[in-house]
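Now for the letters of each chain:
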Amino acid sequence: MSQPSTATIVTTLKAKGLRVTPQRFAVYANLLSRTDHPTVEQLLVDLNQSCPVSSQATIYSSLQALREAGLIREVLLEAGVSRFDAIVAPHHHFHCQQCGSIEDIGWDELPVVEFDRLRSGLQAVSYETTVRGYCDRCSQAE
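Residues numbered from 1 in each chain as written. Predicted model: local features only at pLDDT ≥ 70, side-chain atom pairs only at ≥ 80, totals over all residues. Heavy atoms only, no water.

Visitor: Sorry, what's going on with the pattern of salt bridges here?
Guide: Oppositely charged side chains may form a pair once their charged atoms are brought near each other. One pass over the full model with this rule turns up 6 salt bridges. Of the charged contacts in the structure, one is a salt bridge between Asp-36 and Arg-34, with a shortest N-O distance of 2.7 Å. Residue Arg-34 is classed as buried on the basis of its relative accessible area of 16%. A salt bridge links Glu-78 to Arg-83; the shortest N-O distance between them is 3.0 Å. Accessibility expressed as a relative area gives 27% for Glu-78, which makes it partly exposed. In this structure, a network of salt bridges that share partners links the residues Arg-34, Asp-36 and Asp-46. (Salt bridge = Lys/Arg side-chain N within 4 Å of Asp/Glu carboxyl O. Buried < 20%, exposed > 50% of the residue type's maximum accessible area, 1.4 Å probe, protein only.)

Visitor: Before we go on, may I ask you to explain the packing of helix α3 (residues 40-47) against helix α4 (residues 56-68) in this structure?
Guide: The axes of two packed helices give the description: the angle between them and the distance between them. Interaxial distance between α3 and α4 falls to 10 Å at its minimum, and their mutual angle equals 115°. Between α3 and α4, the interaxial angle falls into the category roughly perpendicular. You can see that α3 and α4 cross each other, and the crossing is right-handed. Between α3, through Val-40, Glu-41, Leu-43, Leu-44 and Leu-47, and α4, the contact on the second element is made entirely by Gln-56, Ile-59, Tyr-60 and Leu-63. Of the residues contributing to the contact of α3 with α4, the split by class is 7 nonpolar, 1 polar and 1 charged. (Axes fitted to C-alpha atoms, helices over the stretch in contact; angles between N-to-C directions. Helix = DSSP H or I, 4+ residues; strand = E, 2+ residues; numbered from the N terminus. Parallel < 35°, antiparallel > 145°, perpendicular 65-115°, else oblique. Left-handed = near helix turned anticlockwise from the far one by under 90°. Contact = heavy atoms within 4.5 Å. Nonpolar A, V, L, I, M, F, W, Y, C, P; charged D, E, K, R; others polar.)

Visitor: What is the right way to read the packing of aromatic side chains from this model?
Guide: Where two aromatic rings form a pair, the distance of their centres and the angle of their planes describe that pair. Per the stated rule, a full pass over the model turns up 2 aromatic pairs. Geometrically, the ring pair formed by Trp-107 and Tyr-127 is tilted, given 5.0 Å between the ring centres and 50° between the ring planes. With a gap of 20 residues between them, Trp-107 in the loop between β4 (102-106) and β5 (130-133) and Tyr-127 in the loop between β4 and β5 connect regions that are remote in the sequence. Ring centres of Phe-115 and Tyr-127 lie 5.5 Å apart, and the angle between their planes is 75°; on these two criteria the pair is classed as edge-to-face. (Phe/Tyr/Trp six-rings, centres within 6.5 Å; stacked < 30°, edge-to-face > 60°.)

Visitor: Quick question: what am I supposed to make of the nonpolar core here?
Guide: Side chains of nonpolar character tend, in soluble globular proteins, to be buried together. Of all hydrophobic cores here, the largest spans 20 residues; its most connected members are Tyr-28, Leu-31, Leu-63, Leu-66 and Ile-72. Within the residue set of this core, elements represented by two or more residues are α1 (6-15), α2 (22-32), α3 and α4. The biggest single contributor to this core is α2, with 5 residues. Ignoring any residue separated from it by four or fewer positions in sequence, one finds Leu-66 in contact with Leu-13, Leu-18, Arg-24, Val-27, Tyr-28, Leu-71 and Ile-72. (Core = buried A, V, L, I, M, F, W, Y, C linked by side-chain atoms within 4.5 Å.)

Visitor: Would you mind showing me how to read the packing of α2 against α4 here?
Guide: Where α2 contacts α4, the two axes come as close as 9 Å, and the packing angle between them is 70°. Taken as axis vectors, α2 and α4 run roughly perpendicular relative to one another. Remark: the crossing between α2 and α4 carries right-handed chirality. Contacts between α2 and α4 involve Gln-23, Arg-24, Val-27, Tyr-28 and Leu-31 from the former and Thr-58, Ile-59, Ser-62, Leu-63, Ala-65 and Leu-66 from the latter. Here the residues of the contact of α2 with α4 sort into 7 nonpolar, 3 polar and 1 charged.

Structure (structure tokens):
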């Protein structure tokens, strides 16, 4: 995934009406640079590696602002674990049951779900699929 320029990130944040703080910029830039759907704890470690500047509360508030602005989404693939993703376009996920890795699956790579079988009165707005299994690294280790 190619990393957008600093100017592009700043422009994107401002276009969504967000104040550009160093912490908010760092959280968004970090999410844009990765595909592993990190937890808050993983972001905290990553962002404070070179210079401790962010608290867990600051990261949470940055994530909340970015999510409310539609720039990131929260992904719940396991009970009680919030992960974050800067890819907001519809897509599915593969979750390895052994190592816990998460990989994006393109929207068109899985069959479309038809909602005509839902009972009357239910109106679907969106959906995504989580495929659970074993990644190639874990399959080969067995």
